[in-house]
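Breakdown of the fold
Listed here are the chains, written in short residue letters.
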Amino acid sequence: MKLPQVGPVLRLLIPNIRLKMSRSLSTGTFQNSLPLNYRGGQRVQPIDSVGKEQAYEPSTGRVIATFNCSGEKEVNEAIQSAKSAFKQWSQKSGMERSRVMLDAARIIRERTEELATIETINNGKSIFEARVDIEISWLTLEYYAGLAGSMAGQHVQLPGGSFAYTRREPLGVCVGIGAWNYPFQIACWKAGPALACGNAMVYKPSPFTPISVVMLAEILAEAGAPTGLFNVVQGGASTGEFLCKHPDVAKVSFTGSVPTGSKIMEMASQGIKPVTLELGGKSPLIIFPDSDLENAVNGAMMANFLTQGQVCCNGTRVFVHRDILEKFTESVVKKVKTIKIGDPLLENTRMGPLINRPHMEKVLGFLKTAREQGAKILIGGEPYTPEDPKLKGGYYISPCVLGNCRDDMTCVKEEIFGPVMSILSFETEEEALERANNTTYGLAGGVFTSDIQRAHRVAAALQAGMCFINNYNVSPVELPFGGYKRSGFGRENGQVAIEYYSQLKTVCVEMGKVESAF
Ligand SMILES: NC(=O)C1=CN([C@@H]2O[C@H](COP(=O)(O)OP(=O)(O)OC[C@H]3O[C@@H](n4cnc5c(N)ncnc54)[C@H](O)[C@@H]3O)[C@@H](O)[C@H]2O)C=CC1
Ligand SMILES: C[N+](C)(C)CCCC(=O)O
C-alpha cells in the first residue's frame, strides 16, 4: 500500500483514492500479499527466520497472512537500520522532529477509514471502535509533536560565575513490543514520545495482529522521517527475546501480560536497560447508591465491553452498593441485551469476535469455572454464531454478566480478558475499598457517586495508576496511563512519558581556575 512520494496537489487526492479502496473491503475479502517487516525505508522479507506464523481474520476464522518470524540476523538488521537513522534524527531540533510527526498525524487522520478497516479485519473489534483507536493514534503523534519543540533543560548558577546546564537527550534505539488488542494505538503510544525525544524505534507487534503497524512505518516515511527511524519485525517470543537481548538496544517498552513482562524485565536487567511495562489488570469499579444510575450503568458498560472485553484497564470487578444492587443489575442486563454482535465491519455492530479460538476457549473455561464456583450467569456467556454464513468460523461469545459473585472466585481474582462483568455487592465504603485493593494488580479503578468528598477520598485510596470518577475507559492522550503493583511501571501518554524516553545530562562549566586538592 506504499504510495509514491507525491507533491501537495496529488497528495490531496490520495485520501479519496484510499477511502474507496478501504470501502471496497468487506469482511471475508482481505488477503495480505505484502512483506510485513519494515526496515531501511521499505517493506522487506526477513533474511532469517525462527518459524512461521499465521494471522487470522477473527470474524470469519480465515487466515489472512502467513509470515516468517524474524531471526537474530533480521532483528540485528532492523536495529542497525534504526541506529543509522538515530544519528540524524537525534541531531534535529525539536521543531524539525515535530514537523515530521505532525505530517504523519495528518496522514493517519486522512487514512482513518482505511486504517480502521484493517484494524477491524485483523483484530475483530467493531469499526465504530477502530475509528476511535485511529483517532487516539493520530492525536498521540500530534500531542508529542507539540511537546517536541519545548523539550529543554535547566540553567543553574554556581559560585564564582561558574554554572551548569542540563540537556534532555534521547536514549538511542528503543524497542516497542505490543499486544494484539490495540495494535495501531499501542504502537503510536510508544512511537509518539520515543520519536519526539529523538530516539529511533524497532517495533514488534503481536503475531496475531501484524498488519497495521507496518502501515504506520510507511506513513512515518511518507511524512519525511529519515530512513530507518521506525522499523518493524514480526514474530513471537523468540523474536522478542532477540530484541530485548540486543546490546545496541537502549530501552524496551512492553505492553502485554504479567508473565511476559517479568521475562522482559529480566532480559533487560542483563543489559541494565530501562523498561516501561504496561501489563494486565483486574480493576475495580465501585458504585455508590447516590450515583446517577443511568450514568453508572453506562460507565460499567464502558468498563467491560469495549473490544470484546479484551482491554487491560477494564473495570471487571463491579462493586455495587447493596441498596441499588437489584436495580443496577436489572438495568445492566437490559443494556447488555441490546449489544449488537456480528460482522465488525457493519456500522451498527458494537461487538465483534474475540481474537482467536484458543482465547475464546480460555474465556469460556473461565465461565465454566465461575458457574461451578457458584456464580450466576445473568446473561450471555455462550458461543455465538451469527446468521451470516461467512461468519460461521468466527470466535464470537455473547457478552456476559455474572451475579452472585464472591471475592474468592476465580472469575473475580483473575484477568479474563473477555466480555465478562462480575457484579459484587458491598455495604460500606471502607469494606469496598479494602476488597477493591485486595489484588496483585493495580492498573485502573473507578468510582460512581454524587458525593464530591467521597469521590476524591475513594480515588485517593484506590491502589491504581489510573482512576476514573463518574466515567470509565476514556483515554485522552494528555493523561499519564500506567499501573501500580504487578500491572507494571513507567507511564505512557501525558508529559511524563518524555521522561521515560530520554535521559538527563548535566554539564558543569567552570569559569575560574581548577581548585586542585593535590
Ligand atoms: N496494560 C496494558 O496496557 C495492556 C496489557 N495487556 C495484557 O496482555 C495480555 C494479552 O496480550 P498478549 O499479546 O496475549 O500478551 P503476551 O504477553 O503473551 O504478548 C505480548 C507481546 O509480547 C511478545 N512476547 C511474548 N513472549 C515474549 C518474550 N519471551 N520475550 C519478548 N517478547 C515476548 C508477544 O509476541 C507479544 O508481542 C493480557 O493478559 C493483558 O493483561 C494487553 C493490552 C494492554
Ligand atoms: C483505550 N483504552 C483506554 C480503552 C484501552 C487502552 C489500554 C489497552 O491497550 O488495553
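Below is a short write-up of the structure. Not measured: the values here are computed from a predicted model. (Residues numbered from 1 in each chain as written. Chains lettered and ligands numbered in written order. Predicted model: local features only at pLDDT ≥ 70, side-chain atom pairs only at ≥ 80, totals over all residues. Heavy atoms only, no water.)

1. What about the side chain of Thr-439?
- Mapped onto the secondary structure, Thr-439 falls in the loop between helix H14 (429–437) and strand E19 (444–448).
- Looking at Thr-439, the relative accessible area reads 18%, which means it is buried.
- A distance of 3.0 Å separates a polar atom in the side chain of Thr-439 from the backbone nitrogen of Tyr-441.
- In this view, Thr-439 contacts Arg-317 and Lys-485; residues no more than four positions away in its chain are not counted. (Helix = DSSP H or I, 4+ residues; strand = E, 2+ residues; numbered from the N terminus. Buried < 20%, exposed > 50% of the residue type's maximum accessible area, 1.4 Å probe, protein only. Polar contact = N/O pair within 3.5 Å; in protein donor to acceptor, adjacent residues only side chain to side chain. Contact = heavy atoms within 4.5 Å.)

2. Re the site of ligand 2
- By nearness alone, every residue bordering ligand 2 is listed as Asn-181, Tyr-182, Gln-185, Trp-189, Val-311, Cys-312, Cys-313, Ser-475 and Phe-481.
- Here an oxygen atom of ligand 2 and a side-chain polar atom of Asn-181 are 3.1 Å apart.
- Cys-312 has a polar backbone atom sitting 3.3 Å from an oxygen atom of ligand 2.
- Against a free-state accessible area of 320 Å², the protein chains account for coverage of 96% of ligand 2.
- Taken together, the residues of the shell around ligand 2 break down into six nonpolar, three polar and no charged. (Near = heavy atom within 4 Å. Areas by Shrake-Rupley, 256 points an atom, 1.4 Å probe, with all protein chains shown as cover. Nonpolar A, V, L, I, M, F, W, Y, C, P; charged D, E, K, R; others polar.)

3. Regarding the sheet that holds strand E12 (residues 284–287)
- Strand order in the open sheet formed by seven strands is E14-E17-E18-E13-E12-E19-E20, and the pairing between neighbours is mixed. The sheet terminates laterally at strand E14 (376–379) and strand E20 (466–469), the two strands that pair on one side only. Shown here is a sheet whose adjacent strand axes are inclined to one another by a mean of 25°, direction ignored.
- Where E12 meets strand E13 (residues 317–321), four bridges bridge the pair, whose relative direction is parallel. For Leu-285, the partnering residue across the bridge sits in E13 and is Val-318.
- Each of E14, strand E17 (400–403) and strand E18 (420–426) is contacted by helix H12 (residues 357–372), which is oriented at about 25° to E17, the strand it contacts most.
- Sheet contacts for helix H15 (residues 452–461): E12, E19 and E20; angle to E20, the most-contacted strand, approximately 165°. (Pairing = 2+ DSSP bridges. Axes fitted to C-alpha atoms, helices over the stretch in contact; angles between N-to-C directions.)

4. Some words on the pairing of strand E6 (residues 163–170)
- Pairing of strand E5 (residues 155–157) with E6, which is carried by three bridges, proceeds in the antiparallel orientation. Looking at E6, one finds that Gln-157 is bridged to Phe-163.
- The turn linking E5 back onto E6 is made up of five residues, and Gly-160 within it adopts a positive phi angle of 70°.
- In the sheet, E6 pairs with strand E22 (residues 502–509) via eight bridges, with the strands oriented antiparallel. Bridged to Tyr-165 within E22 is Val-507.

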